[in-house]
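Here is what each chain is made of, one letter per residue.
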Amino acid sequence: MLKTRILTAAILACILLAGLFLLPPPWAVLAIGAAFTIGAWEWAGFGALRGRGVRAAYAAGVALLLFLAWRWTAQPKHLMLLLGAACAWWAIALLWLSWVPPRHHPTLALVCGLPVLVPAFIALARLQVATQGFAHGPQIVLWLVLLVIAADVGAYFAGRSLGRRKLAPRVSPGKTWEGALGGLSMVALVAWGGAAHFGLPPPSTVVFGCAVGIFSIIGDLTESMFKRAAGLKDSGALLPGHGGLLDRIDSVTAAAPLYALGLFGSGVIA
């Protein structure tokens, strides 16, 4: 299983790098949209949609919303509005994780897929085509991915060696506070390295990176909450050893809107 996970991760890394740096911007946006449409297909399972027809209909509806949101956010003020609303949604998700036990509400799950998937697509797509600022789009998106990976890897190793206190036992019993802090420590290192590479102020960049890391943890836990409520172990079986595509991008769905809001809102990229 470990060899399968490593092989799948290596292939995914190659696909990601090729998509970010080799595809022309319009094709890269289409590729990101295709990935989130697959994510919508998997999310339909959280809403108890089992048939191929109804799942395809849900995925097609989300794909249409991705297109409409892309057109609408061509205006910067609309982009800021969507990203700000997405960050508010993830703050609500944190309260949901903290206070409400997971229960299966299929219709609610389907509705919640929209604020999870649509703003994250817009954030990644708009970052990918950014041409003005401290770096071009592909480098900016890659830095986000590295921050999210750092949170995940740091949490895994710190949790295995030091984990004692459960972070969210009703949602994801394996995650611990020690693991989360270990993940944020790794995020701080990656953020500091990015600040040095891009010539950004280290203190504020590290604080911002850690905020993105916290949101990535919320995204991971939120998908776990919906999976647990729906009685699913994985969102799908597309990726051998990893489950579904959503299981790989769950952290990004929460981290990307805050990351994009901070960069676009501060004017460091455009």
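Details of the structure are given in the entry above.
Residues numbered from 1 in each chain as written. Predicted model: local features only at pLDDT ≥ 70, side-chain atom pairs only at ≥ 80, totals over all residues. Heavy atoms only, no water.

## Notes on the overall build of the chain
Next up, step 1: When helices and strands are tallied, the chain shows 9 helices and 2 strands.
Next up, step 2: Going from N to C terminus, the chain has its helices and strands arranged as α-α-α-α-α-α-β-β-α-α-α.
Next up, step 3: Taken over the C-alpha trace, the chain has a radius of gyration of 18 Å; the compact-globule value for 270 residues is 18 Å, and the two agree within 12%.
Next up, step 4: Here the C-alpha coordinates of the chain stretch approximately 45 × 45 × 40 Å along the principal axes.
Next up, step 5: When burial is assessed residue by residue, the chain has 48% of its 270 residues classed as buried.
Next up, step 6: In the chain, the proportion of contacts linking residues at least 24 apart, taken out of those at least 6 apart, comes to 74%. (Helix = DSSP H or I, 4+ residues; strand = E, 2+ residues; numbered from the N terminus. Rg over C-alpha atoms; globule rule 2.2 N^0.38 Å. Buried < 20%, exposed > 50% of the residue type's maximum accessible area, 1.4 Å probe, protein only. Contact = heavy atoms within 4.5 Å.)

## A closer look at helix α5 (residues 106-128)
Next up, step 1: A rise of 1.5 Å per residue sets the reference length of α5, with its 23 residues, at 33 Å; its end C-alpha atoms lie 33 Å apart and thus fit the reference within 8%.
Next up, step 2: With 17 of 23 residues buried, α5 lies mostly within the body of the structure. (Expected span 1.5 Å × (residues − 1).)

## Digging into unusual backbone geometry
Next up, step 1: In this structure, Ala48 takes a positive phi of about 65° despite not being glycine.
Next up, step 2: Among the secondary structure elements, Ala48 is positioned in the loop between α2 (25-44) and α3 (52-72).

## Focus: the packing of aromatic side chains
What characterises a pair of aromatic rings is the spacing of the ring centres plus the angle enclosed by the ring planes.
Next up, step 1: A complete count under the given rule lists 13 aromatic pairs for this structure.
Next up, step 2: Ring geometry for Phe36 versus Phe121: centroids 6.3 Å apart, planes at 65°, classification edge-to-face. Taken together, the residues Phe36 in helix α2 and Phe121 in helix α5 connect sequence positions 85 residues apart.
Next up, step 3: A relative accessible area of 4% places Phe36 in the buried class.
Next up, step 4: Ring-pair connections join several aromatic residues into one group, and the members of that group are Trp43, Phe46, Trp89, Trp90, Trp96 and Phe226.
Next up, step 5: Above the face of the Trp70 ring, Arg126 is positioned so that its terminal group lies 3.6 Å from the ring centre. (Phe/Tyr/Trp six-rings, centres within 6.5 Å; stacked < 30°, edge-to-face > 60°. Lys NZ or Arg CZ within 6 Å of the ring centre and 35° of its normal.)

## Things to note about empty space enclosed by the protein
Next up, step 1: Inspection of every chain in the model, using the stated rule, returns 1 cavity of 30 Å³ or more.
Next up, step 2: Volume-wise, the largest cavity comes out at about 90 Å³.
Next up, step 3: Around the largest cavity sit Phe46, Trp96, Pro102, Arg103, His104, His105, Leu108, Ala109, Met225, Phe226, Ala229 and Ala230, which together line it.
Next up, step 4: At the level of elements, α5 and α8 (202-230) are the ones that each hand at least two residues to the lining of the largest cavity.
Next up, step 5: With 4 residues, the top contributor of residues to the lining of the largest cavity is α8. (1 Å grid on protein atoms, 1.4 Å probe; cavity = no way out; pocket = protein on both sides within 12 Å on 5 of 7 lines; lining within 4 Å. Points joined across faces, edges and corners; volume = space filled by probe spheres on them.)

## Some words on the layout of surface pockets
Next up, step 1: Quantified by volume, the second largest pocket comes out at close to 310 Å³.
Next up, step 2: Elements with a minimum of two residues in the lining of the second largest pocket: α4 (76-99), β1 (166-168), α7 (177-198) and α8.
Next up, step 3: Residue classes in the lining of the second largest pocket are distributed as 14 nonpolar, 1 polar and 1 charged. (Nonpolar A, V, L, I, M, F, W, Y, C, P; charged D, E, K, R; others polar.)

## Focus on the side chain of Ser216
Next up, step 1: Within the secondary structure layout, Ser216 lies in helix α8.
Next up, step 2: Looking at Ser216, the relative accessible area reads 2%, which means it is buried.
Next up, step 3: Reaching out from Ser216, the side chain makes a polar contact with the backbone oxygen of Gly213 at a distance of 2.6 Å.
Next up, step 4: Look past the residues within four positions of Ser216 in its chain and what remains in contact with it is Val148, Ala151, Ser251 and Ala255. (Polar contact = N/O pair within 3.5 Å; in protein donor to acceptor, adjacent residues only side chain to side chain.)

## Brief notes about the pairing of strand β2 (residues 172-176)
Next up, step 1: Where β1 meets β2, 2 bridges bridge the pair, whose relative direction is antiparallel. Counterpart to Ala168 in the pairing with β2 is Ser172.
Next up, step 2: Where β1 folds back on β2, the antiparallel hairpin that results is connected by 3 residues. (Pairing = 2+ DSSP bridges.)

## So, the pattern of salt bridges
Next up, step 1: Per the counting criterion, the structure on display carries 5 salt bridges.
Next up, step 2: Arg165 is the salt-bridge partner of Glu178, the closest N and O atoms lying 3.2 Å from each other. Taken together, the positions of Glu178 in helix α7 and Arg165 in the loop between α6 (137-162) and β1 put the pair 13 residues apart, joining distant regions of the chain.
Next up, step 3: Residue classification places Arg165 among the exposed positions, given a relative accessible area of 56%.
Next up, step 4: One salt bridge in this structure joins Lys175 and Asp220, with 3.5 Å as the shortest N-O distance. (Salt bridge = Lys/Arg side-chain N within 4 Å of Asp/Glu carboxyl O.)

## A look at the nonpolar core
Next up, step 1: One finds Phe36, Trp43, Leu127, Phe134 and Tyr259 to be the most contacted residues of the largest nonpolar core, which totals 79 residues.
Next up, step 2: Per-element accounting of this core gives the leading share, 13 residues, to α5.
Next up, step 3: The contact partners of Trp43, leaving out residues within four places of it in the chain, are Tyr58, Ala109, Leu110, Cys112, Gly113, Val116, Leu117, Phe226 and Leu246. (Core = buried A, V, L, I, M, F, W, Y, C linked by side-chain atoms within 4.5 Å.)

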